[in-house]
Amino acid sequence: MKVLIIEDEPQAASRLQKILQQVDTAIEVVDKLDSVKNSIAWFNANPHPDLVLMDIQLGDGLSFTIFDHTKIDCPIVFTTAYDEYAIKAFKVNSIDYILKPVDPDDIKAMLTKFRKLNGSTPDTAAMLGNIQHALQSLTKKTKSRFVVKIGEHLKTISVEDILYFYSQDKATFCFTTENRKVILDYTIEQIQEMVDADKFFRINRKYLICDEAFTDIVTYLNSRLKLTLKGSDDKDIVVARERVQEFKLWLDR
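About the criteria used
- Residues numbered from 1 in each chain as written.
- Predicted model: local features only at pLDDT ≥ 70, side-chain atom pairs only at ≥ 80, totals over all residues.
- Heavy atoms only, no water.
- Helix = DSSP H or I, 4+ residues; strand = E, 2+ residues; numbered from the N terminus.
- Buried < 20%, exposed > 50% of the residue type's maximum accessible area, 1.4 Å probe, protein only.
- Patch = residues over 30% accessible without salt bridge, like charges linked within 9 Å, V, L, I, M, F, W, Y side chains within 5 Å.
- Areas by Shrake-Rupley, 256 points an atom, 1.4 Å probe, with all protein chains shown as cover.
- Salt bridge = Lys/Arg side-chain N within 4 Å of Asp/Glu carboxyl O.
- Lys, Arg positive; Asp, Glu negative; His and termini not counted.
- Charge placed at Lys NZ, Arg CZ, Asp CG, Glu CD.
- Polar contact = N/O pair within 3.5 Å; in protein donor to acceptor, adjacent residues only side chain to side chain.
- Contact = heavy atoms within 4.5 Å.
- Phe/Tyr/Trp six-rings, centres within 6.5 Å; stacked < 30°, edge-to-face > 60°.
- Lys NZ or Arg CZ within 6 Å of the ring centre and 35° of its normal.
- Core = buried A, V, L, I, M, F, W, Y, C linked by side-chain atoms within 4.5 Å.
- Pairing = 2+ DSSP bridges.
- Axes fitted to C-alpha atoms, helices over the stretch in contact; angles between N-to-C directions.
- Expected span 1.5 Å × (residues − 1).
- Arc of directions from axis to C-beta.
- Right-handed = clockwise from strand over helix to strand, strands pointing away.
- pLDDT = per-residue confidence, 0-100.

Student: Break down the side chain of Thr176 for me, citing the residues and quoting the values.
Tutor: With respect to the element layout, Thr176 can be found in strand β11 (residues 171–176). Residue Thr176 is classed as buried on the basis of its relative accessible area, which comes to 5%.

Student: Describe a negative patch on the surface, with residues and values.
Tutor: Taken together, the side chains of Glu160, Asp161, Glu178 and Glu212 make up a negatively charged region of the molecular surface. Counting through the fold element by element, Asp161 comes out in the loop between β9 (153–158) and β10 (162–168).

Student: Give a description of the side chain of Thr172 that names residues and reports values.
Tutor: If you trace the backbone, Thr172 turns up in strand β11. At a separation of 2.8 Å, a polar atom in the side chain of Thr172 contacts the main-chain carbonyl oxygen of Tyr186. Not counting chain neighbours up to four residues away, the residues in contact with Thr172 comprise Tyr166, Ser167, Val182, Ile183, Leu184, Tyr186, Thr187, Ile188 and Ile191.

Student: If you had to explain the packing of aromatic side chains to someone new, which residues and values would you point to?
Tutor: Both the distance between ring centres and the angle between the ring planes are used here to describe each pair of aromatic rings. According to the stated counting rule, one finds twelve aromatic pairs in the structure shown. Taking the centre distance of 5.3 Å and the plane angle of 55° together, the rings of Phe165 and Phe200 count as tilted. Of the two residues, Phe165 sits in strand β10 while Phe200 sits in strand β13 (residues 200–202), which places them 35 residues apart along the sequence. Summarising the burial analysis for this pair, Phe165 and Phe200 share the class buried. Here Tyr166 and Tyr207 contribute two aromatic rings whose centre-to-centre distance is 5.8 Å and whose plane-to-plane angle is 20°, an arrangement assigned as stacked. You can see Tyr166 sitting in strand β10 and its partner Tyr207 sitting in strand β14 (residues 207–210), a full 41 residues away along the chain. In textbook terms, an aromatic cluster arises when at least three aromatic residues are bridged by ring pairs, as seen for Tyr164, Tyr166, Phe173, Phe175 and Tyr207. Sitting over the ring of Phe146, Lys143 keeps its end group 5.3 Å from the ring centre. Its guanidinium or amino end placed over the ring of Phe173, Lys181 lies 4.5 Å from that ring's centre, counting from NZ or CZ.

Student: Give me the nonpolar core: which residues, what numbers.
Tutor: Counting 35 residues, the largest nonpolar core has Phe146, Tyr164, Phe165, Ile203, Ile209, Leu227 and Phe247 as its most contacted members. The residues touching Ile203, leaving out its near neighbours within four places in the chain, are Ile209, Leu227, Ile237, Val238, Val239, Ala240, Arg243 and Phe247. Formed by 18 residues, the second largest nonpolar core is a distinct cluster that contains Val36, Phe64, Phe67 and Ile72.

Student: Could you give me a rundown of the pairing of strand β16 (residues 225–229), with the residues and numbers involved?
Tutor: Side chains Leu225, Leu227 and Leu229 of β16 all project onto a buried face; the interleaved residues Lys226 and Thr228 project onto a face where none is buried. In terms of strand pairing, strand β15 (residues 214–219) meets β16 through five bridges, oriented antiparallel. Following the sheet pairing, Val218 is matched in β16 by Lys226. Across three bridges, the pairing between β16 and strand β17 (residues 237–239) is antiparallel. From the neighbouring strand, Leu225 faces β17, where its bridge partner is Val239.

Student: Account for the sheet that holds β13, naming residues and giving values.
Tutor: Spatially, the five strands line up as an open sheet ordered β12-β11-β10-β14-β13, and their pairing is antiparallel. Since the sheet does not close on itself, it has two edges, and those belong to β12 (181–184) and β13, each with one partner. On average, each strand axis in the sheet is inclined to that of its neighbour by 25°, with strand direction left out of account. Relative to β12, β11 is paired through four bridges, and the arrangement is antiparallel. Bridging from a neighbouring strand, Phe173 pairs with Ile183 of β12. Strands in contact with helix α7 (residues 244–251) are β13 and β14; relative to β13, the strand with the most contacts, it is inclined by about 170°.

Student: Explain helix α4 (residues 104–115) to me, and be specific about the residues and the numbers.
Tutor: The terminal C-alpha atoms of α4 lie 17 Å apart, and with twelve residues this matches the ideal 16 Å at 1.5 Å per residue to within 8%. Among all positions in α4, only Ile107, Met110, Leu111 and Phe114 are buried. One face of α4 carries all of its buried residues, which in axial projection span an arc of 100°.

Student: Now, about the pairing of strand β2 (residues 28–33): what can you tell me, with residues and values included?
Tutor: Walk down a regular strand and you will see the side chains alternate between the two sheet faces. Pairing analysis gives five bridges linking strand β1 (residues 2–6) to β2, with the strands arranged parallel. Counted as the bridge partner of Ile6 is Leu33 from β2. In this fold, the crossover linking β1 to β2 by way of helix α1 (residues 10–23) has right-handed handedness.

Student: If you had to explain the confidence of the model for the protein to someone new, which residues and values would you point to?
Tutor: For the protein, mean pLDDT is 83; residues scoring 70 or higher make up 82% of the total. Across residues 91–95, confidence stays below pLDDT 50; counting only partners more than four residues off in sequence or on other chains, it has ten contacts.

Right, dumping it as structure tokens:
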């Protein structure tokens with residue numbers, strides 16, 4: 001197996017190479033690169049390896065930039081020093097990663113997963129999209145409160161006090177922990193971009209809920225899930241079929 005290491009810290013790169021060759025003596029590290037620039041040049045001039053281990057943050061920028069300048073068809077495993085909160089986002093988005101400092105057991109598990117690919121072609125574009133989505137969800141500033149009009153008065157509602165958002169009759173509402181229904185001047189789509197994705201999940205076109213919003217979940221037709229939300233008399237709150245698996249992962253984070 002030919003492996004390429006892209007890592008801007010020389011000690012980390014050398015340690016990674018040592019662990020790889022300890023875990024599997026058949027592994028050949030074809031090169032160690034330390035920058036976006038050098039990586040682009042290498043991929044444009046050399047046969048691609050069987051596997052790439054790539055740090056996300058390099059000295060001259062994010063490694064995602066490499067994919068803007070060259071096509072990479074081999075599987076890629078990203079290494080990261082992000083904290084536990086970041087790892088939750090990575091898991092939800094089904095991203096392969098190894099947390100620094102690299103552990104030999106993590107390398108063994110990664111190689112086992114790699115060998116199970118059975119020669120299938122990786123969907124690099126989808127993987128990068130998932131990674132970028134995860135990183136954006138970690139770095140973007142989320143909304144902490146909404147300003148609402150109640151009668152002639154303006155008041156604020158903390159996002160921490162909101163159980164769910166929903167659309168009804170071409171309007172958007174939030175339902176609070178105080179059992180209050182309040183109209184908002186945003187669409188569900190806009191609110192989804194404003195709030196913490198770790199806290200709120202879009203179960204269907206109508207509902208965006210927090211993890212404390214429901215009292216019951218039952219299996220439903222066509223592998224879907226039906227929810228009972230606090231304070232709601234809607235009897236048909238169903239997690240969209242295409243979102244069921246991601247919803248389960250979100251609950252189990």
